[in-house]
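What the coordinates show
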Amino acid sequence: MFRKFLIVAVVILLFSSGALADIGQVEGFSIGALNLVGRCGPVGSAQGGNIVIIGHSQQIQKPYLSTTARQEEKGILVQHGTAKGVGGVSGVAQRAKVQGLQGQYTGPFGSTVQGQRLNVNLGQVALKAGGVGSTQGVQGFVGGQSQTITTPRMTSTESQFVGVVQYSAVSGGKGSTGIVVNTVNVEMGQGQIVTGGPAFPHYSK
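Keep in mind that this is a model prediction, so the values were computed, not measured.

Turning to the overall build of the chain, a few remarks are in order. In terms of regular secondary structure, the chain is built from 1 helix and 8 strands. Reading the chain from its N terminus to its C terminus gives the helix and strand order α-β-β-β-β-β-β-β-β. In the chain, buried positions account for 40% of the 205 residues. Considering only contacts in the chain between residues 6 or more positions apart, those separated by 24 or more positions represent 78%.

Written as structure tokens, this is what we have:
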């Protein structure tokens, strides 16, 4: 959806200006992570996790036009699960999907478009059935985006940040059963469009 919005906005500015774009840049990332930890039968334990760190930035500068466009994305995803006990079944299943996208455009006379999108979807299940033991899991994502366009006429800045954490734990004696299910979905987006020609001084007669 954001890609379509960005493309349409740029096309509108191009046709309205009758000139080619001065600056245009887009960056994005996608994380898909799955962590499965489980045990069954006699005495035993299991653990596992994932860590993903993302970070990128880009900048375009045209000194002779006094125009600069800069954007940056950073984030970290962490998953960790443990299961231990005697007999029965215990385990943790974790799923994470994170997507970020942002783009910028500057045209003639200070026309600008910029927008950003950040989606986080986390799901987690912790289960203990029978036997004696426990299981626990924790996962989370922290990250953000920022972008700035500076022209002789204006400075336009956007930023957004998200922090999400899930935690679950189940424990019990012989023959007990317990389950915890966590889900969270966060969708963030924003955009800016500035159009119009240069401002000329008005002289009254």
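Once that is clear, we can look at the sheet that holds strand β7 (residues 155–172). On the basis of which strands lie adjacent, the open sheet formed by 4 strands has the order β2-β3-β6-β7 and antiparallel pairing. The outermost strands of the open sheet, each flanked by one partner alone, are β2 (44–62) and β7. Taken pair by pair, the neighbouring strands of this sheet meet at an average axis angle of 0°, ignoring direction. Bridge analysis of strand β6 (residues 132–150) against β7 gives 18 bridges, and the strand direction is antiparallel. Across the sheet, the residue bridging to Gly137 is Ser168, located in β7.

The next point concerns the sheet that holds strand β1 (residues 23–40). With respect to topology, 4 strands assemble into an open sheet ordered β1-β4-β5-β8, the strand pairing being antiparallel. Since the sheet does not close on itself, it has two edges, and those belong to β1 and β8 (177–194), each with one partner. Pairs of neighbouring strands in the sheet enclose a mean axial angle of 0°, with direction left out of account. Sheet topology note: the β1/strand β4 (residues 89–106) ladder contains 18 bridges and is antiparallel. Bridge pairing in β4 places Ala33 opposite Ala96.

Turning our attention to the nonpolar core. Ranked by internal contacts, the top residues of the largest apolar core, which has 14 residues, are Phe29, Ile31, Leu77, Phe141 and Val162. For this core, the elements supplying multiple residues, two or more each, are β1, β4, β5 (112–129) and β7. Val162 has contacts with Leu118, Val120, Phe141, Val142, Gly143, Val186 and Met188, leaving out every residue within four places of it along the chain.

Another aspect to go through is the side chain of Gln79. With respect to the secondary-structure elements, Gln79 resides in strand β3 (residues 67–86). Given the relative accessible area of 2%, Gln79 is considered buried. A polar contact of 2.9 Å, which involves the side chain of Gln79, links it to the side chain of Gln139. Gln79 has contacts with Ala33, Leu34, Asn35, Gly48, Gly49, Asn50, Gln94, Arg95, Ala96, Val138 and Gln139, leaving out every residue within four places of it along the chain.

Turning to the confidence of the model for the chain, a few remarks are in order. When pLDDT is averaged across the chain, the result is 87; 85% of the residues are at 70 or more. Low pLDDT, under 50, characterises residues 199–205; the stretch is placed with 0 contacts to residues that sit more than four places away or in other chains.

All right, on to a nonpolar patch on the surface then. Nonpolar side chains collect at one region of the surface, where Ile51, Ile53, Ile76, Val78, Val142 and Phe161 lie side by side and expose about 580 Å² of accessible area between them. Mapped by element, the contributors of at least two residues to the nonpolar patch are β2 and β3. Tracing the chain through its elements places Ile51 in strand β2. Classification of Ile51 by relative accessible area gives exposed; the value is 63%.

We now examine the environment of His80. Mapped onto the elements of the fold, His80 is located in strand β3. With relative accessibility at 34%, the residue His80 sits in the partly exposed group. Separated by 57 residues in sequence, His80 and Gly137 have C-alpha atoms that sit 5.7 Å apart. Once residues lying within four places of it in the same chain are set aside, the contact partners of His80 are Asn35, Gln47, Gly48, Gly49, Gln94, Gln136, Gly137 and Val138.

How each quantity is defined
Residues numbered from 1 in each chain as written. Predicted model: local features only at pLDDT ≥ 70, side-chain atom pairs only at ≥ 80, totals over all residues. Heavy atoms only, no water. Helix = DSSP H or I, 4+ residues; strand = E, 2+ residues; numbered from the N terminus. Buried < 20%, exposed > 50% of the residue type's maximum accessible area, 1.4 Å probe, protein only. Contact = heavy atoms within 4.5 Å. Pairing = 2+ DSSP bridges. Axes fitted to C-alpha atoms, helices over the stretch in contact; angles between N-to-C directions. Core = buried A, V, L, I, M, F, W, Y, C linked by side-chain atoms within 4.5 Å. Polar contact = N/O pair within 3.5 Å; in protein donor to acceptor, adjacent residues only side chain to side chain. pLDDT = per-residue confidence, 0-100. Patch = residues over 30% accessible without salt bridge, like charges linked within 9 Å, V, L, I, M, F, W, Y side chains within 5 Å. Areas by Shrake-Rupley, 256 points an atom, 1.4 Å probe, with all protein chains shown as cover. Salt bridge = Lys/Arg side-chain N within 4 Å of Asp/Glu carboxyl O.

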